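Results of the structural survey
Here's the letter readout for the chains.
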Amino acid sequence: MSVDRQAQLATLPQVDALVRGEGLRSLVARHGLPPVVAAARAAVADARTAILEGAPPATAAQLEAAVRETLEGRDRRRVRRVINATGVILHTNLGRAPLSADARAAVADAAGYATVEYDLQAGSRGSRTGPVGELAAEVCHTPSATVVNNGAAALMLVLAALASDREVIVSRGELVEIGGSYRLPDVMAAAGARLVEVGTTNRTRIDDYRRAIGEDTALLLKVHRSNFRMVGFTEDTGIDELASLGRDHDVAVVHDLGTGLLRRTEGGPLADEPSVEASVANGSDLVVFSGDKLLGGPQAGIIAGRADLVEPCRRHPLARAVRVDKLQRAALEATLASHARSDRPLELPIEAMLHADPARLEERARWMVNELGDRARPLPTVAVVGGGSSPGTQLPSHGVALTTDDAEGLARALRDVDPPVIGRVRDGEVVLDLRTVPPSQDGDLVDLVLLARG
Ligand SMILES: *Cc1c(COP(=O)(O)O)cnc(C)c1O
């Protein structure tokens, strides 16, 4: 190495000196010493590499800036509240259903010591899932119910508890992939159940199921094709037909509803979405669905139906591995309690979003454009349900289009304010859809856009 390079390397501060310097004092106070030391070590190592590659030596100020950037970047990657202006109501990447005010309060209450498994009356151990299961059974109108960590776990538990080493009959048209590695045939295999496929991709009739029933049949499973839709020459077997076949052969019918719409409202936007109410009324022995899709609650999986089928799920060893934690349970109880009231307004955030009046959304867009001045215009948009629910459903909506020379840059700047605003880039503009923004956040949204525009 040249003497020159060696001299340059010698100008770099020791990690220790860098960390104890005035410049990083506030970072040490905020993050503690070890993370700052680690970031400083990395910054000095990078500076050495740069010198060896011929770059000029970094100054102390540059090294401090690098340390600050590392630690602030880590803060930015924490889970953070955002404003969802995408128009996707159950945005999987943004946490699906936002919780109601009641559910948020319940989470805060349960965050400390709470009666998670404690019976106040007896002063001794109580049941973790008993009370929330009763509430779930009440809103599902089923004799029994239990809850677990998420929808995938719920189906897994049902298969493991009721169909281990036995056959489960499913239509070829319903062997869905929900996302990631969640494919129904793989879930079946992992749960130890044997998949028996019947029918064809586009048509499955009741006779297909009947012919497949044998000695080893444990369940008839119907799976809601939540994230795609089949059109054209198709035929489906209804739950009512399956239920009557199941009764004739003493085989239980399980319906994985996935999205968990409890009941359809007249004239509502979810006309094609199957509901828990209809599935149960038509004879499902067990329904399985998520807590954070159309139920509007936290991540959770609900298993509801006949007590003699729910009970083995509750007692199965896997139940412990997929149990709900206290925060989920608190939020789910509050959400289910909202559903249990009949006289309530649309108090769950997703209900308000699903049923928002487009004319009102347009009014809000016009108000915002007025506040924002030029380079913004109201724009009719199309919002969607998202979260793998109701794929064909389009919800007429309204938003604000931000005109700019650099739409990607503006979208990035919007993600960089606090709280970050997540919009969509379309035709060279950034579009903020108001269906997924609570009206109470309109003022903030205006301020954040002005801030991002600089
Ligand atoms: C979403 C979904 C699941 C998985 O539920 P998670 O709560 O995401 O684990 C399973 N089945 C169907 C049909 C779904 O739509």
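1. A short note on the overall build of the chain
In terms of regular secondary structure, the chain is built from 19 helices and 18 strands. In terms of overall dimensions, the chain has C-alpha extents of about 90 × 55 × 50 Å along its principal axes. Burial status across the chain gives 47% buried among its 454 residues. For the chain, the proportion of contacts with a sequence separation of at least 24, taken over those separated by at least 6, is 74%. Split by element, the accessible area of the chain, about 22,100 Å² in all, is 49% carbon and sulfur. With 52 positive and 61 negative side-chain charges, the chain shows a separation of 4 Å between the mean positions of the two kinds.

2. Comments concerning the pairing of strand E10 (residues 217–223)
For E10, the buried fraction is high: 7 of the 7 residues fall into the buried class. One ladder, built from 4 bridges, connects strand E6 (residues 167–171) with E10; its direction is parallel. Bridging across to E10, Ile169 finds its partner in Leu220. Note that E10 and strand E11 (residues 252–258) share 5 bridges and pair parallel. Paired with Leu221 across the two strands is Val254, which belongs to E11.

3. Things to note about the domain arrangement of the chain
Domain parsing of the chain yields domain 1 (3–76), domain 2 (83–93 + 351–453) and domain 3 (100–342). Distance between the C-alpha centres of domain 1 and domain 3: 53 Å.

4. Some points on the packing of helix H17 (residues 358–372) against helix H19 (residues 442–453)
Contact geometry for H17 and H19: axes closest at 10 Å, N-to-C directions at 35°. Seen from above, H17 lies across H19 with right-handed handedness. Touching Arg364, Trp367, Met368, Glu371 and Leu372 of H17 are Asp442, Gly443, Leu445, Val446, Val449 and Leu450, all from H19. Considering only residue class, the contact of H17 with H19 consists of 7 nonpolar, 1 polar and 3 charged.

5. What about the environment of Thr201?
Tracing the sequence through the fold places Thr201 in the loop between strand E9 (194–198) and helix H10 (206–212). As for Thr201 and Glu408, which are separated by 207 residues in sequence, their C-alpha atoms are 41 Å apart. Beyond its immediate stretch of four places on either side in the chain, Thr201 contacts Arg172, Gly173 and Met230.

6. Here we look at the nonpolar core
In this structure, Val158, Leu159, Val168, Leu219, Leu221 and Leu286 are the most contacted members of the largest nonpolar core, which totals 33 residues. For this core, the secondary-structure elements that each account for two or more residues are helix H8 (151–163), E6, helix H9 (184–190), E10, E11, strand E12 (286–290) and helix H13 (307–315). In terms of residues, this core owes the most to one element, H8, which gives 9 residues. Ignoring any residue separated from it by four or fewer positions in sequence, one finds Leu159 in contact with Ser164, Val168, Val187, Met188, Ala191 and Leu219. Leu361, Leu432, Val437 and Ala452 belong to the second-largest nonpolar core, a separate cluster that totals 26 residues.

7. A short note on the state of the cysteines
A covalent bond bridging the sulfur atoms of two cysteines is what the word disulfide describes. Taken as a whole, this structure holds 0 disulfides when the rule is applied. Left unpaired, Cys140 is separated from the closest cysteine sulfur, that of Cys313, by 14 Å. When its relative accessible area of 0% is taken as the criterion, Cys313 is described as buried.

8. Digging into helix H4 (residues 33–52)
A rise of 1.5 Å per residue sets the reference length of H4, with its 20 residues, at 28 Å; its end C-alpha atoms lie 29 Å apart and thus fit the reference within 8%. Taken as a whole, H4 has its buried residues at Pro35, Val36, Ala39, Ala40, Ala43, Val44, Ala47 and Ile51. When H4 is viewed along its axis, its buried side chains cluster within an angular range of 165° and face the same direction. Among the exposed residues of H4, those oriented more than 90 degrees off its buried face are Pro34, Arg41 and Asp46. Buried residues along H4 sit against helix H1 (3–11), helix H2 (15–20), helix H3 (25–31) and helix H5 (60–76). Count one or two residues on from H4 and you reach Gly54, which has phi positive near 100°.

9. Quick look at the packing of helix H18 (residues 407–416) against H19
Direction vectors running N to C along H18 and H19 enclose 120°, while the axes themselves pass 9 Å from each other. Considering their axes alone, H18 and H19 lie oblique with respect to each other. Considering how the two elements wind past one another, H18 and H19 form a crossing that is right-handed. Facing H18, whose interface residues are Leu410, Ala413 and Leu414, H19 presents Leu448, Val449, Ala452 and Arg453.

Procedures and definitions
Residues numbered from 1 in each chain as written. Predicted model: local features only at pLDDT ≥ 70, side-chain atom pairs only at ≥ 80, totals over all residues. Heavy atoms only, no water. Helix = DSSP H or I, 4+ residues; strand = E, 2+ residues; numbered from the N terminus. Buried < 20%, exposed > 50% of the residue type's maximum accessible area, 1.4 Å probe, protein only. Contact = heavy atoms within 4.5 Å. Areas by Shrake-Rupley, 256 points an atom, 1.4 Å probe, with all protein chains shown as cover. Lys, Arg positive; Asp, Glu negative; His and termini not counted. Charge placed at Lys NZ, Arg CZ, Asp CG, Glu CD. Pairing = 2+ DSSP bridges. Domains from an automatic or database assignment. Axes fitted to C-alpha atoms, helices over the stretch in contact; angles between N-to-C directions. Left-handed = near helix turned anticlockwise from the far one by under 90°. Nonpolar A, V, L, I, M, F, W, Y, C, P; charged D, E, K, R; others polar. Core = buried A, V, L, I, M, F, W, Y, C linked by side-chain atoms within 4.5 Å. Disulfide = S-S within 2.5 Å. Expected span 1.5 Å × (residues − 1). Arc of directions from axis to C-beta. Parallel < 35°, antiparallel > 145°, perpendicular 65-115°, else oblique.

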